[in-house]
There are 2 protein chains.
Amino acid sequence: MSFRAYAAPAAGKELEPIQLERPSELGPFDVEILVECCGICHSDIHLIDNDWRISSYPLIPGHEVVGKIVRKGALVQNVKEGDRVGVGWQCASCLACEWCERGEEPACDHHVATCVGRPGGYAEYLIADSRFAFPIPEALPSESAAPLLCGGITVFTPLSRFASPSDRVGVIGIGGLGHLALQFARAMGCEVTAFSTSPSKEAEAKRLGAHHFVVSTDEKAMKALANSFDLILSTVTADLNWPMWLSLVRKHGRLQLVGASPGNISVPVMQLVGGQKTISGTIIGGRAGIRKMLAFAARHGVRAQAEVLPLDRVNEAVARVRANQARYRMVLKVQ
Amino acid sequence: MSFRAYAAPAAGKELEPIQLERPSELGPFDVEILVECCGICHSDIHLIDNDWRISSYPLIPGHEVVGKIVRKGALVQNVKEGDRVGVGWQCASCLACEWCERGEEPACDHHVATCVGRPGGYAEYLIADSRFAFPIPEALPSESAAPLLCGGITVFTPLSRFASPSDRVGVIGIGGLGHLALQFARAMGCEVTAFSTSPSKEAEAKRLGAHHFVVSTDEKAMKALANSFDLILSTVTADLNWPMWLSLVRKHGRLQLVGASPGNISVPVMQLVGGQKTISGTIIGGRAGIRKMLAFAARHGVRAQAEVLPLDRVNEAVARVRANQARYRMVLKVQ
């Protein structure tokens, strides 16, 4: 039986509908998911454009998937047909190495990405390892849960690891990741500042949880915040003025990067040593972290703000992401 | 009553003997210490040369002091005349701010440095706040204890904070700090690798605790160590090839800087984010940390390897430090 998916035929091209065959048999630990919706992450754009030189075509993007399990492999025990589950960037790992043992599956050398070298979630069906399919708490609507699977866990990992409830936390960039970071940090009890180059985002940033909003091009406002933050989380993929951002971090504080900026981060050693500061990076999160994140989001009303379009308008949705017009996450409605 | 000290009369000059007066009265929390010996730290050279633009002349260096308390202020309770104590880089702080409350006195805005704007330990007597004078465990000879007060705590702080006993730890630079780091890391149970540009240091590095010795200019040996270390501690003040060193750190690992390199540290953001790595800096350590470090050193036989010269040969000793000839710490014998 065939199903519909959308694929980029070559690097940078618009997506086109294609037909794929459902496999007659599943791997022993795999599940087949009837996709309900799928978020559009910036990583999808990087894959479409082959920015990371890991793409193969036709390329079916999509790694923020929510849907219902319709079939499962012979050895699947943790989920069953009919369960509503989510799948994020990672859809399998070896489950036997040090990293998997430590709950750091994203570091596994046998890490399998949901839409790299295999069809992703811009499609009616998706296959994933059942151990990477996470039941979605009932309180979370599918459209606002899908972006949590990649964007959400990407910011939840460093916030849950590094932010104390009494901390002052700054979030750089109020987009797909940032608008979730504001909600998570607020719910964790932090004092939250949103940094954006767009003054128009102030009201929404505050509604999403920011106590303060700062236009990051306002030099005077920025200078006044020197040595203020315990944690600054950069969610953007641009190359920023890193010494300036590090100067806003207070002693013993941390500048945390989760965005894939293409260039170098360069700061004076004395700024790092004298201020006893830290610069670090993380990617997505392990399975236990994703479960915690989903439960936390359900409990605290953390919701991705989704602009929903049907799957056949995928190129329009992608164009809005490319133009930074999404407020704040484009989500494709498949079923 | 006057006493003898050695002072740089101007930036970069040789030290000359001068006479200072002992104060008739001490501050309520101060102690006067009859200096037994004082280590020569690279920071003393930076102060002599006014590299940090904080020096005033005549400048009496010295902040790795061990001696006996001969007099104490009216409110001193924690130490008494006759006690053998050590004083490091920091000799006072406000003891009332957040950082002092947290045991992070080096971050205190009212941090007072032992030999900045006041006479240091290249002298027969030293005045310090009693709360920054630490009893030296009996097992530690004064000459091998003095360098622990600055060099020792500088490497003990990050090792005790970030190294687990099962970690693989690399130490860059086998000098005043590095030769102590090897001993501490070994005593903490880590697998220890010494990195040096001097092949001649191999035998001593291994005697000091290194399991492995690598000549850091040996490109082949370095490449073979890619993604090997949980923690790499740089003790040098040179500007290194930081992306290369970060490539030796494994996933979730840390590159830790304690040396005051003058330039920038610049690494690809993708190396930091993709590898989930951390770069951080620390300076010296708080009071509780210094006490722990001294007890740990006494218990585990950690000893600074001192080349001892009498105080009046201070210029010869400084010249050996400038020429990187000290093996591994010059210590001035005062009494």
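Before reading further, recall that the structure is shown in the block above.
Procedures and definitions
Residues numbered from 1 in each chain as written. Chains lettered and ligands numbered in written order. Predicted model: local features only at pLDDT ≥ 70, side-chain atom pairs only at ≥ 80, totals over all residues. Heavy atoms only, no water. Least-squares fit on C-alpha atoms with pLDDT ≥ 70 in both. Contact = heavy atoms within 4.5 Å. Helix = DSSP H or I, 4+ residues; strand = E, 2+ residues; numbered from the N terminus. Pairing = 2+ DSSP bridges. Axes fitted to C-alpha atoms, helices over the stretch in contact; angles between N-to-C directions. Buried area = accessible area lost by both parts, 1.4 Å probe. Salt bridge = Lys/Arg side-chain N within 4 Å of Asp/Glu carboxyl O. Polar contact = N/O pair within 3.5 Å; in protein donor to acceptor, adjacent residues only side chain to side chain. Nonpolar A, V, L, I, M, F, W, Y, C, P; charged D, E, K, R; others polar.

A. Just the relation of the copies chain A and chain B, in detail. Between chain A and chain B, the superposition needs a rotation of 180 degrees and an axial shift of 0.0 Å, giving an RMSD of 0.0 Å. Such a combination of turn and shift is consistent with a two-fold rotation axis. Residue S266(A), judged by its C-alpha, is the member of chain A lying nearest the rotation axis, at 2.0 Å. Both copies present the same face, since 100% of the interface residues in chain A are matched by interface residues at the equivalent positions in chain B.

B. Quick peek at unusual backbone geometry. The linkage connecting Y57(A) with the following residue, P58(A), adopts the cis geometry, with an omega of 0 degrees. Position of P58(A) among the secondary structure elements: in the loop between α1 (42-48) and β4 (65-72). Of note, the bond from R327(A) into Y328(A) is cis; its omega dihedral lies within 30 degrees of zero at -5 degrees. With respect to the helices and strands, the residue Y328(A) is situated in the loop between α11 (314-322) and β18 (329-333). In this model, N324(A) sits at a positive phi of 55 degrees, which is unusual for a non-glycine residue. Phi at R53(B) is positive, roughly 55 degrees, even though this residue is not glycine. Tracing the backbone shows R53(B) in the loop between α1 (42-48) and β4 (65-72).

C. Region of the structure containing the sheet that holds strand β11 (residues 191-196) of chain A. Spatially, β12(A)-β11(A)-β10(A)-β13(A)-β14(A)-β16(A)-β16(B)-β14(B)-β13(B)-β10(B)-β11(B)-β12(B) is the arrangement adopted by the twelve strands of the open sheet, whose pairing is mixed. Of all the strands in the sheet, just β12 (212-215) of chain A together with β12 (212-215) of chain B have a single pairing partner and so form its edges. Adjacent strand axes in the sheet meet at a mean angle of 20 degrees when their direction is disregarded. In the sheet, strand β14 (residues 249-257) of chain A pairs with strand β16 (residues 278-281) of chain A via four bridges, with the strands oriented parallel. When the sheet's bridge partners are listed, L255(A) is paired in β16(A) with I279(A). Lying over the sheet, helix α4 (residues 151-162) of chain A contacts β10 (168-172), β13 (229-234), β14 and β16 of chain A together with β14 (249-257) of chain B, oriented at roughly 165 degrees with respect to β13(A).

D. Inspection of the interface of chain A and chain B at higher detail. Contacts between the two partners involve 38 residues from chain A, matched on the other side by 38 residues from chain B. Both faces combined, the contact of chain A with chain B buries some 3,100 Å², and carbon together with sulfur accounts for 55% of it. Along the contact surface separating chain A from chain B lie four salt bridges. Two residues, K251(B) and D109(A), come together in a salt bridge whose shortest N-O distance is 3.0 Å. Connecting chain A to chain B are 19 residue pairs in polar contact (both at pLDDT 80 or more). Elements supplying a minimum of two residues to the side of chain A that touches chain B: α2 (98-101), β14, β15 (264-268), α9 (269-274) and β16 of chain A. Broken down by class, the residue content of the side of chain A that touches chain B amounts to 17 nonpolar, twelve polar and nine charged.

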